[in-house]
Amino acid sequence: MTADHPLDALPAPSPYPPTSRYHGVPVALHTAPDGRQVPYLRRRLLPGTDGLTPLAEHTVSAGDRPDLLAYRYLGSADQWWRIADANPVLDPRELTATPGRRIIVALPGGVPGVGNA
């Protein structure tokens with residue numbers, strides 16, 4: 001199938017901003033028995049950690065939470081998922097459940113960090 005217009009070849013924009021863990025996850029349609037089409041997000045798999053730039057290593061203390069660590073290290077509490085991806089865990093509560101655990105805080109892939117020009 002050929003595109004009628006050059007812009008037709010571009011992927012559809014993501015309904016989520018680039019700072020969301022769901023940015024770029026494809027939207028699919030489920031057709032219900034009554035014919036209604038219900039949009040849903042396809043599964044988001046944990047990314048590999050190879051392309052991440054380590055920013056810090058944190059030793060978990062009692063009272064730590066992923067959102068608080070994200071605010072402390074990344075400047076935004078809603079970026080907790082970046083810490084979860086860097087460690088890699090599906091349930092963010094695992095990150096801070098055990099005091100003494102060492103976790104990695106990383107920048108997204110492609111973002112240079114200190115000493116990585």
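Quick caveat, the model's predicted, so the values are computed rather than measured. (Residues numbered from 1 in each chain as written. Predicted model: local features only at pLDDT ≥ 70, side-chain atom pairs only at ≥ 80, totals over all residues. Heavy atoms only, no water.)

Peer 1: In this structure, what is going on with the overall build of the chain? I would like to understand it.
Peer 2: When helices and strands are counted, the chain shows three helices and four strands. Going from the N terminus to the C terminus, the chain shows its helices and strands as β-β-β-α-α-α-β. Going through the 117 residues of the chain one by one, you find that 24% of them count as buried. In the chain, the share of contacts with a sequence separation of at least 24, taken over all contacts with a separation of at least 6, comes to 50%. Summed over its atoms, the accessible surface of the chain is roughly 8,300 Å², and 57% of this surface lies on carbon and sulfur atoms. (Helix = DSSP H or I, 4+ residues; strand = E, 2+ residues; numbered from the N terminus. Buried < 20%, exposed > 50% of the residue type's maximum accessible area, 1.4 Å probe, protein only. Contact = heavy atoms within 4.5 Å. Areas by Shrake-Rupley, 256 points an atom, 1.4 Å probe, with all protein chains shown as cover.)

Peer 1: Just to check I follow, could you spell out the pairing of strand β1 (residues 27-31) for this structure?
Peer 2: Within a regular strand, the side chains alternate between the two sheet faces. Relative to strand β2 (residues 37-41), β1 runs antiparallel, the two being bridged by five bridges. Looking at the pairing, V27 lines up with L41 of β2. Joining the antiparallel neighbours β1 and β2 is a turn of five residues, in which G35 adopts a positive phi near 95°. (Pairing = 2+ DSSP bridges.)

Peer 1: In this structure, what is going on with the side chain of H58? I would like to understand it.
Peer 2: Relative to the assigned elements, H58 resides in strand β3 (residues 53-59). Polar side-chain contacts of H58 include one of 2.7 Å to the side chain of D64. Within the structure, H58 has its side chain in polar contact with the side chain of Y73 (distance 2.8 Å). Not counting chain neighbours up to four residues away, the residues in contact with H58 comprise D64, L69, R72, Y73, R101, R102 and I103. (Polar contact = N/O pair within 3.5 Å; in protein donor to acceptor, adjacent residues only side chain to side chain.)

Peer 1: What is the right way to read the environment of A97 from this model?
Peer 2: Within the secondary structure, A97 is located in the loop between α3 (93-96) and β4 (102-107). Put simply, A97 and G63 are 34 residues apart on the chain and 9.1 Å apart in space, counted from C-alpha to C-alpha.

Peer 1: Explanation requested: the environment of N87 in the structure shown.
Peer 2: With respect to the helices and strands, the residue N87 is situated in the loop between α2 (80-86) and α3. Taking relative accessible area as the criterion, N87 reaches 16% and is therefore assigned buried. With 19 residues separating them along the chain, N87 and A106 place their C-alpha atoms 9.1 Å apart. In this structure N87 touches L95, R101, I103 and I104, once residues within four positions along its chain are discounted. Side-chain polar atoms of N87 contact the backbone oxygen of I83, separated by 2.6 Å.

Peer 1: Teacher, can you tell me more about the environment of D85 here?
Peer 2: Secondary-structure assignment places D85 in helix α2. D85 sits in the buried class, given a relative accessible area of 5%. Distance in space between the C-alpha atoms of D85 and P47 is 6.7 Å, their sequence separation being 38 residues. Other than its neighbours up to four places away in sequence, D85 contacts R21, R44, L46, P47 and T49.

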